[in-house]
Amino acid sequence: MAVVRGHCALVNCILLVLLQESKQVKMKKLEKMLLLLSLLAVIAVVARSDAAALRLHATHADAGRGLSTRELLHRMAARSKARSARLLSGRAASARVDPGSYTDGVPDTEYLVHMAIGTPPQPVQLILDTGSDLTWTQCAPCVSCFRQSLPRFNPSRSMTFSVLPCDLRICRDLTWSSCGEQSWGNGICVYAYAYADHSITTGHLDSDTFSFASADHAIGGASVPDLTFGCGLFNNGIFVSNETGIAGFSRGALSMPAQLKVDNFSYCFTAITGSEPSPVFLGVPPNLYSDAAGGGHGVVQSTALIRYHSSQLKAYYISLKGVTVGTTRLPIPESVFALKEDGTGGTIVDSGTGMTMLPEAVYNLVCDAFVAQTKLTVHNSTSSLSQLCFSVPPGAKPDVPALVLHFEGATLDLPRENYMFEIEEAGGIRLTCLAINAGEDLSVIGNFQQQNMHVLYDLANDMLSFVPARCNKI
């Protein structure tokens, strides 16, 4: 999910066209001293340090929609395939790929994180993106924006809002940035951020106070001042998950972890068939792996995060070594999963992909092994489902082989609910389906396989750790 590369001249051309259609954006002047005194009186601000963990809550894009398990499986499978294609497209074209269109109108978004910006706080819900660093939300007055359920963030209503100048390094380091002119206001940092599906957000770079979740899931538990974000005024593309923008969690300088000066972040995704929110932590909570707090009830496994070099996909790479089905380690050369010097291949952990994607040859071996080791009849469906499914006799408990993913220094022995999906077809036919998709050369560990796993990204030591957990209890 790499940002599209370009030149300042191209940005200026884009901005000129947009400005011809825009009205002058008027920013309310801040009375600095008075506001600082007021701020100290009305809000509690936490220091940005490694010792304090900030908590967010994420909701799945399909939560609360009243969908059947069959619909959930279909939507997740199709989203994963569409996202995989965009990941490959983004790598080839040096273009960031999320969010994007979806063939039947279902969002290409998995999780939204909830927070608030400004003083007093204005709620936003942003796509959790582990592959980009810029955090942005739609702002008023918006010239060209997509629909959202929440009111757009209004800078004039925040006492702590500040527009950033274009001479800051954080502005100059953006792939596309320019000093505002005409109705933008001279000297402000104007950015344009493009996507592989031709979506684009354009606006100005700003800073404000961000508020995060409290213990009861409400916004307002902790606040952090002066976080940099994009105020999107021209946002064109297909955004259909009620998101207001994107929260960047990659290694970049503008990412949430980098700005908060935390060396790690973690999440624990609850079951997608439920509606409970999933906790996301910036920094390590004191009870990270405490069984009493739901944090973990197994052995903590760790594998190295691979620093990308020539790859254009700015994602979190790990080293997948092999796959075991039942008691059989499949005959797959490790080179199939390796990250090549030209940036092809490799394995990433991705918050934005639902189902794990494996190269087609590997996927076929996995399916063959399941068919050989499962004493159930393969279901030859004529429906839209493309997964390998088995018919389950009435009253029987599905008996399927184990599925194990082998990483460098770690083994992920998946619980059955993290790779099999139980559905009921018309006529009461029960099916159990393998929740894995065939892809191309890039392997992707999806969030369905990460359900009820506390996954920690240790950025300081380049390690990814995971342990089974009761995510709804954390």
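Residues numbered from 1 in each chain as written. Predicted model: local features only at pLDDT ≥ 70, side-chain atom pairs only at ≥ 80, totals over all residues. Heavy atoms only, no water.

Q: Is there a simple way to think about the overall build of the chain in this case?
A: Counting its regular elements, the chain contains 6 helices and 28 strands. Sequence-distant contacts, at least 24 apart, represent 72% of the contacts inside the chain between residues at least 6 apart. Element-wise, carbon and sulfur atoms account for 54% of the exposed surface of the chain, whose accessible area totals about 19,400 Å². (Helix = DSSP H or I, 4+ residues; strand = E, 2+ residues; numbered from the N terminus. Contact = heavy atoms within 4.5 Å. Areas by Shrake-Rupley, 256 points an atom, 1.4 Å probe, with all protein chains shown as cover.)

Q: How should I be thinking about the UniProt feature "active site" (unreviewed entry) in the chain in this particular structure?
A: What UniProt calls "active site" (unreviewed entry) maps, in this numbering, to D129 and D350. Spanning 222 residues, the annotated positions come together in the fold, the maximum distance between their C-alpha atoms being 8.2 Å. Examined against the element boundaries, D129 turns out to sit in strand β3 (residues 122-129). Tracing the backbone through its elements, the reader meets D350 in the loop between β17 (347-349) and β18 (356-359). In this structure D350 comes out as buried when scored by relative accessible area, which is 1%. (UniProt positions renumbered as here; feature names shortened; annotations may be inferred. Buried < 20%, exposed > 50% of the residue type's maximum accessible area, 1.4 Å probe, protein only.)

Q: Explain the sheet that holds strand β22 (residues 410-414) to me, please; I cannot follow it from the model alone.
A: Paired through backbone hydrogen bonds, the strands of a sheet run either parallel or antiparallel to each other. The strand order across the open sheet formed by 4 strands is β16-β15-β21-β22, and the pairing between neighbours is antiparallel. Across the chains shown, the open sheet's two edge strands, defined by having one partner strand only, are β16 (328-329) and β22. Strand direction decides the pairing type here: strand β15 (residues 320-325) and β16, joined by 2 bridges, are antiparallel. Pairing of V325 across the sheet is with T328, part of β16. Those strands touched by helix α6 (residues 360-373) are β15, β16 and β21 (403-407), and its axis lies near 20° from that of β15. (Pairing = 2+ DSSP bridges. Axes fitted to C-alpha atoms, helices over the stretch in contact; angles between N-to-C directions.)

Q: Would you mind going over the nonpolar core with me for this structure?
A: By size, the foremost hydrophobic cluster in this structure holds 83 residues, and its most contacted members are M115 and F370. No other element matches the 7 residues that strand β9 (residues 219-236) contributes to this core. Both domain 1 (54-89 + 109-282) and domain 2 (295-469) contribute no fewer than three residues apiece to this core. L164, C189, L205 and L254 belong to the second largest nonpolar core, which has 15 residues in total. (Core = buried A, V, L, I, M, F, W, Y, C linked by side-chain atoms within 4.5 Å. Domains from an automatic or database assignment.)

Q: Is there a simple way to explain the environment of R157 in this structure?
A: Along the chain, the position of R157 falls in the loop between β4 (136-138) and β5 (162-163). Distance from R157 to Q122, taken between C-alpha atoms, is 8.9 Å for residues 35 residues apart in sequence. With residues near it in sequence (within four places) discarded, R157 still touches T119, P120 and Q122.

Q: Mind showing me how you'd approach the packing of aromatic side chains here?
A: Where two aromatic rings form a pair, the distance of their centres and the angle of their planes describe that pair. Tallied over the full model, the rule gives 15 aromatic pairs. Taking 4.3 Å as the distance between ring centres and 15° as the angle between the ring planes, the aromatic pair formed by Y267 and F269 counts as stacked. One exposure class covers both Y267 and F269, and it is buried. Aromatic ring contacts, followed pair by pair, group Y111, F249, F265, Y267, F269, Y316 and Y457 into a single cluster. (Phe/Tyr/Trp six-rings, centres within 6.5 Å; stacked < 30°, edge-to-face > 60°.)

Q: In this structure, what is going on with the pattern of salt bridges? I would like to understand it.
A: A side chain of one charge can pair with a side chain of the opposite charge when the charged atoms of the two come close. Considering all chains together, one arrives at 6 salt bridges under this definition. The residue D462 makes a salt bridge to R251 at a minimum N-O spacing of 3.0 Å. Note that D462 is positioned in the loop between β27 (453-458) and β28 (463-468) and R251 in the loop between β10 (245-248) and α5 (256-259), a separation of 211 residues in sequence. Salt-bridge contacts for E408 lead to K321; the nearest nitrogen and oxygen are separated by 3.3 Å. (Salt bridge = Lys/Arg side-chain N within 4 Å of Asp/Glu carboxyl O.)

Q: Sorry, what's going on with the environment of A469 here?
A: Inspection of the secondary structure puts A469 in the segment after β28. A sequence separation of 14 residues divides A469 from V455, and the C-alpha atoms of the two residues are 9.5 Å apart.

Q: What's the story with the state of the cysteines in this structure? I'm lost.
A: Covalently bonding the sulfur atom of one cysteine to the sulfur atom of another cysteine gives a disulfide. Scanning the entire structure with this criterion turns up 6 disulfides. The disulfide that involves C142 links it to C145, with 1.4 Å between the sulfurs. Judged by the sign of its S-S torsion, about 55°, the bond between C142 and C145 is right-handed. Take C142: its relative accessible area is 21%, and that puts it in the partly exposed class. Between the sulfur atoms of C268 and its disulfide mate C471 the distance is 1.9 Å. Taking the torsion about the sulfur-sulfur bond, which here is approximately -70°, the covalent link between C268 and C471 counts as left-handed. Pair noted here: C268 is in strand β11 (residues 264-268) and C471 is in the segment after β28, with a separation of 203 residues, a long-range link. As far as burial versus exposure is concerned, C268 and C471 are alike and both buried. By sequence-ordered numbering of the bonded cysteines, the chain has its disulfides arranged as 1-8, 2-3, 4-6, 5-7, 9-12, 10-11. (Disulfide = S-S within 2.5 Å.)

Q: For this particular structure, what's the right way to read unusual backbone geometry?
A: Negative phi is the rule for most residues except glycine; trans is the rule for most peptide bonds. Cis geometry marks the peptide bond from T119 to P120; its omega dihedral reads 0°. Summarising the element assignment, P120 is placed in the loop between β2 (111-117) and β3. Here the phi dihedral of K261 falls at roughly 60°; this positive angle occurs in a residue that is not glycine. Locating K261 in the fold gives a position in the loop between α5 and β11. Phi at D462 takes a positive value of approximately 55°, unusual for a residue other than glycine.

Q: I keep staring at empty space enclosed by the protein and nothing clicks. Help me out?
A: Over the atoms a probe the size of a water molecule is rolled, and this reveals where empty space is left. What the rule picks out here adds up to 7 cavities of 30 Å³ or more. Of the voids in this model, the largest cavity is the one considered here, and its volume is about 100 Å³. Lining the largest cavity, in full, are I318, V349, F407, L412, I445, Q449, Q450, M453, V455, L464 and F466. Those elements that provide at least two residues to the lining of the largest cavity are β27 and β28. Residue composition of the lining of the largest cavity, grouped by class: 9 nonpolar, 2 polar and no charged. (1 Å grid on protein atoms, 1.4 Å probe; cavity = no way out; pocket = protein on both sides within 12 Å on 5 of 7 lines; lining within 4 Å. Points joined across faces, edges and corners; volume = space filled by probe spheres on them. Nonpolar A, V, L, I, M, F, W, Y, C, P; charged D, E, K, R; others polar.)

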